[in-house]
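# A structural walkthrough
So the chains spell out like this:
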Amino acid sequence: MASSLVSPSPISSFITNKKDLGFSAFPSTSQIAIQKCKKQVSKKIVSVMAPQQSERKPATTGSVKTGMTMTEKILARASEKPQLTPGDNVWVNVDILMTHDVCGPGSIGIFKKEFGENAKVWDREKVVIIPDHYIFTSDERANRNVDILRDFCTEQNIKYFYDIKDLGNFKANPDYKGVCHVALAQEGHCRPGEVLLGTDSHTCTAGAFGQFATGIGNTDAGFVLGTGKLLLKVPPTLRFVMDGEMPPYLLAKDLILQIIGEISVAGATYKSMEFVGTTVESLNMEERMTLCNMVVEAGGKNGVVPADSTTFKYLEDKTSLPYEPVYSDAQASFLSEYRFDVSKLEPLVAKPHSPDNRALARECKDVKIDRVYIGSCTGGKTEDFLAAAKLFLASGKKVKVPTFLVPATQKVWLDLYTLPVPGSGGKTMSQIFEEAGCDTPASPSCGACLGGPKDTYARMNEPKVCVSTTNRNFPGRMGHKEGEIYLASPYTAAASALTGYVTDPREFLQ
Amino acid sequence: MAASLSHASYSATFTSSASKTTVSLPSRFSPSFNVSTFSPFTVKPLNSTFNPHAQRAITTIMHATSAPSSIPSDTSTKTFHGLCYVVGDNIDTDQIIPAEYLTLVPSNPAEYEKLGSYALIGLPSSYATRFIEPNESKTKYTIVIGGANFGCGSSREHAPVALGAAGAKAVVAESYARIFFRNSVATGEVYPLESEVRICEECRTGDVVTIELGESRLINHTTGKEYKLKPIGDAGPVIEAGGIFAYARKTGMIPS
């Protein structure tokens, strides 16, 4: 069993004083603790997270079967083994392999080279190919890469290929979806208990469905294409317990920025991140996806949220394939456990140039910005746009900087134009965005989240300061090396667009 | 990686890419990919293969049961010698190979070379000395020395490929992001070695260094200092062979 406690890099916000545990997750005891401690403890809240704890391992004898975490159980079932321990290397049966236009051609090249020009993929129904990265561009190689995908899918009779041919009008392509991670969810390819691998680091998004999902490279993908299996090492699990009612100005993006800021960009390297607690249970599927999406920004191997009625309801009309959810055993061993009381959290940003460069949005209110970008698998889903629309509606004002809207998929784009926004008297999101002076929602794709070819919509071609609902802000991420990207929730992004400065959404929502 | 591929599954012969004969493969590989019954060497679980914190040096002698090819059983004589290029912490994949170059497909030989010419072009201008000179397409630095969490960010295999295509032979970092580490081994493009101390603070770009792989040692000739590296373990022979597929063929796991 993983027995060593991973010690985090020294973080001043960790409380070492036992009394301060009153600020942790147990509401009833914390009330008492706060009153008792009032005189001794300074009134300033030093942290909203209890110190990390390592659970005591259950005593083991040779024949006792120890409890497993969700991730361990999923990998055990996928590798047909009764019991797994973190550190075990196991051959895992893959349920879904996803690839897109950037890594697909390379993976296909390797597959053909290694298994033969006439080789067939292990299962034509388990390979999902989704062009999404460099689509609406005149870059010839980018266009050629989509053609390569098409040729392969035709030759292999791949069942799920979300093709696009007419680049001038995305709506003219009935099969085209858009951003792969959102499309996978919307098309019912994410199912509890399964193993989903993808040639993209944000494949971990699918963990929101209670499955094991992680990103792999072209060579590994080529291997899976031929065999349907991959050798994986079982990761230990970090558990994040979030309890309390979600304040109306916070979104899942704030939660994950909080966590990454706490444990750093390497805090979860080679580990699984499990998200539980009443707050997590209150999140809808797209919010859970946002949470798991940025697991990789902490170095995490995969993220998981236990499947529940929210999950099952979402999947009802999307998949008819049977699935079997798994849950962490009560006696499972976690490497560390972090608890926090969500009601104490505030809207956050990740300042340039790292996703763990956490700061309170309100403390950045003097940062003048040039633009706002709302899009990507992290912040371009229907729920993300709904949040932005709610804030614009509450303010009634117009944006002060160019505000780019890039819906993740065709379905999201459609929702912008058809879903009524609660409390707006029947207005759609697109109407609210138009009234606020935002740019017209663009063609669905990954867009400028990762820069892309030079003619990509909203790409940062000059050094600018941008508040973005995307996932990374390393130098050059959106195009220009000297660009400054502040990662934020859709609420914070919308609020910032209205003022022209990094802005706490509570300025408009209360 | 790829420790125990069963012979039974690969019932067809593979072509190597050099000989252009078409292969008649069964229309689909045997779905019962049975790995538990056969492993080509006395195996302990490869706990150290992708574990950058592996402390023990593992020397595994490959017993290729049928393949007659000679397999180097360890990397004790392998050395790298040349100039080193020093970078800092959290060098992410966008800095190693910016996204705009990802239209280049690594399995295409011409585009592979082109990827190499863009290696580390994403580093900020604070890096006055560039990894590749403006009008060059290869690097003069054999070894990249980095800090913590090298290769973080995207899963793009283009990252280790670009470094290898540019001419780098090894990266020595304090620690790695997992997908980059895994991709380096799977492709065999660069050796992802780990230092025990922050070598990035004691070496300067342009220093002449030697890495003795078998000894797990780095010598900086310019400063005269020596550093212990963590043993590459089972990943070594895989990279030496040229990646997991090449390794599997070389050791007889896949008939060739």
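Residues numbered from 1 in each chain as written. Chains lettered and ligands numbered in written order. Predicted model: local features only at pLDDT ≥ 70, side-chain atom pairs only at ≥ 80, totals over all residues. Heavy atoms only, no water.

## Section: empty space enclosed by the protein
If you roll a probe as big as a water molecule over the atoms, it shows you where there is empty space left. Note the following rule: Using a 1 Å grid laid over the protein atoms alone, points where a 1.4 Å probe fits but cannot get out form a cavity; open sets with protein on both sides within 12 Å along at least 5 of 7 lines form a pocket; any residue with an atom within 4 Å of a point counts as lining. Grid points are joined across faces, edges and corners, and a volume is the space filled by probe spheres set on the points. Numbering of helices and strands runs from the N terminus, with a helix taken as a DSSP run of H or I at least four residues long and a strand as a DSSP run of E at least two residues long. Each residue receives one of three labels: charged for Asp, Glu, Lys and Arg, nonpolar for Ala, Val, Leu, Ile, Met, Phe, Trp, Tyr, Cys and Pro, and polar for the others, Gly being one of them.
Applying the stated criterion to the full structure yields nine cavities of 30 Å³ or more. By volume, the largest cavity amounts to about 210 Å³. The wall of the largest cavity is formed by 24 residues, among which His-133, Asp-200, His-202, Leu-450 and Arg-477 of chain A lie closest to the centre. Of all elements in the fold, only α5 (180-186) and α11 (376-379) of chain A reach the threshold of two or more residues within the lining of the largest cavity. Considered class by class, the residues forming the lining of the largest cavity number nine nonpolar, 10 polar and five charged. The volume enclosed by the second largest cavity comes to roughly 120 Å³. Lining the second largest cavity are 16 residues, and of these Val-296 and Gly-299 of chain A together with Cys-152, Gly-153 and Ala-177 of chain B lie nearest its centre. Here the lining of the second largest cavity is composed, by residue class, of eight nonpolar, five polar and three charged.

## Observations regarding the UniProt feature "domain: Aconitase A/isopropylmalate dehydratase small subunit swivel" (unreviewed entry) in chain B
Selection rule: UniProt positions are given in the numbering used here, feature names are shortened, and annotations may be inferred rather than shown by experiment.
When the UniProt feature table is mapped onto this chain numbering, "domain: Aconitase A/isopropylmalate dehydratase small subunit swivel" (unreviewed entry) sits at residues 139-188 of chain B. Secondary structure over residues 139-188 of chain B splits into 38% helix and 18% strand, and the C-alpha atoms at its two ends are 18 Å apart.

## Quick look at the packing of helix α3 (residues 104-115) of chain A against helix α6 (residues 218-227) of chain A
A pair of packed helices can be characterised by two numbers: the angle between their axes and the separation between those axes. All names here are of chain A. Test applied: Axis angles are defined between N-to-C directions and span 0 to 180 degrees, where every axis is a line fitted to C-alpha atoms and, for a helix, only to the segment in contact. Here the angle decides the label: under 35 degrees means roughly parallel, over 145 means roughly antiparallel, 65 to 115 means roughly perpendicular, and every other value means oblique. When the near helix sits turned anticlockwise from the far one by under a right angle, the crossing is termed left-handed; a clockwise turn instead gives a right-handed crossing. Whether two residues touch is decided by their heavy atoms; if any such pair falls within 4.5 Å, the residues are in contact.
Where α3 meets α6, the axes come as close as 8 Å, and the angle between the chain directions of the two elements is 55 degrees. In terms of orientation, α3 lies oblique with respect to α6. Helix-helix and strand crossings are classified by hand; for α3 and α6 the assignment is right-handed. Of the residues in α6, those touching α3 at Gly-106, Ser-107, Ile-110, Phe-111 and Phe-115 are Asn-218, Thr-219, Ala-221, Gly-222, Phe-223, Leu-225, Gly-226 and Thr-227.

## A short note on the nonpolar core
For clarity, the threshold we go by: Only buried Ala, Val, Leu, Ile, Met, Phe, Trp, Tyr and Cys residues count toward a nonpolar core, and they belong to the same one when joined by side-chain atoms within 4.5 Å. Burial here depends on accessible area, computed with a 1.4 Å probe over protein chains only, as a share of the maximum for the residue type. Under 20% is buried, over 50% is exposed, and the range in between is partly exposed.
Grouped together as the largest cluster of nonpolar side chains are 113 residues, with contacts concentrated most on Leu-197 of chain A together with Phe-131, Phe-150 and Leu-163 of chain B. Once you skip the residues sitting within four places of it in the chain, Leu-197 of chain A turns out to touch Val-94, Ile-96, Leu-97, Met-98, Thr-203, Phe-212, Thr-214, Ile-216, Val-224, Leu-230 and Leu-232 of chain A. By size, the runner-up hydrophobic cluster in this structure holds 64 residues, among which are Met-242, Met-246, Met-294 and Ala-298 of chain A.

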